[in-house]
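Topology and contacts: notes
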Amino acid sequence: MPAEASIATVLNLHQPTGNLEDLLEHKEWEAKEVLFAYDRIPRSLWGHEDLARIHLSMSGTLLELLSNPAFQSRVYGTVKCGDLLWHLRNPAIDILGTGYYHPVMPLIPEADQEEHLVRWVGIARHLFDRDVFHGFWPPEMGFRMEMIPLLRKMGFTYVIVDSKHIEPVDSMRWEEVRYRPHLAKYKEAEIVVVVRD
């Protein structure tokens, strides 16, 4: 009998401030394709909640845009952003935390890192009516061990990282490094590390 296999599909979505509005102005069809792609995510899971699972990271700037009444009015007829945000509450979707403006977290001051997470958690709690977001997707996969206490403080229990950053304490085969979660500790804080590839 084959071993049980598990896989998690992660979608990482970000729109820099003003980008989608600019596309609507100058390349309308491209903007509509982006909106259709966003709208298709929860729709593709309807009726498959017992089997399907995805993890979805959306930057704070994207959440801010999709919840903006003026933007919602502008794209009404293409996508109903309010409905989209509502459908993203589907239990088959695990919303992952991330940096608000999608910064490479290790490259910005620690105080700014915390502010990014505080702002992201604030808008996500409001839009998704949840207090807890378990997973964290570091923008551009920028991660360092010093982030662990902040991630735990914000309530995250796991973080997704690239396999090249995993350094086992004991000897491990390559498939053990890549295909299983690990526990990472910095000072007194611990977090589960899920390998992206």
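Residues numbered from 1 in each chain as written. Predicted model: local features only at pLDDT ≥ 70, side-chain atom pairs only at ≥ 80, totals over all residues. Heavy atoms only, no water.

Some words on the pattern of salt bridges
- One pass over the full model with this rule turns up 9 salt bridges.
- A salt bridge links Glu28 to Lys32; the shortest N-O distance between them is 3.5 Å. In this pair, Glu28 and Lys32 both sit in helix H2 (residues 28–43), 4 residues apart, roughly one turn of the helix.
- Judged by its relative accessible area of 22%, Lys32 is partly exposed.
- Taking the shortest distance from any N to any O, the salt bridge between Asp39 and Arg43 comes out at 2.7 Å. A residue pair is termed a helical-turn pair when its members lie 3 or 4 positions apart in one helix, as Asp39 and Arg43 do in helix H2 at 4 residues.
- Classification of Asp39 by relative accessible area gives buried; the value is 12%. (Salt bridge = Lys/Arg side-chain N within 4 Å of Asp/Glu carboxyl O. Helix = DSSP H or I, 4+ residues; strand = E, 2+ residues; numbered from the N terminus. Buried < 20%, exposed > 50% of the residue type's maximum accessible area, 1.4 Å probe, protein only.)

As for the sheet that holds strand E3 (residues 93–96)
- In spatial order, the strands read E1-E2-E3; together these 3 strands make up an open sheet with parallel pairing. Strands at the two margins of the open sheet, each flanked by one partner only, are strand E1 (9–13) and E3. For this sheet the average axis-to-axis angle between neighbouring strands, irrespective of direction, equals 25°.
- Pairing geometry for E1 and strand E2 (residues 54–58), over 5 bridges, is parallel. From the neighbouring strand, Leu11 faces E2, where its bridge partner is Leu56.
- Sheet strands in contact with H2 are E1, E2 and E3, and its direction is about 150° off that of E1. (Pairing = 2+ DSSP bridges. Axes fitted to C-alpha atoms, helices over the stretch in contact; angles between N-to-C directions. Contact = heavy atoms within 4.5 Å.)

Bear in mind that shape data such as this cannot, by itself, settle questions of function.
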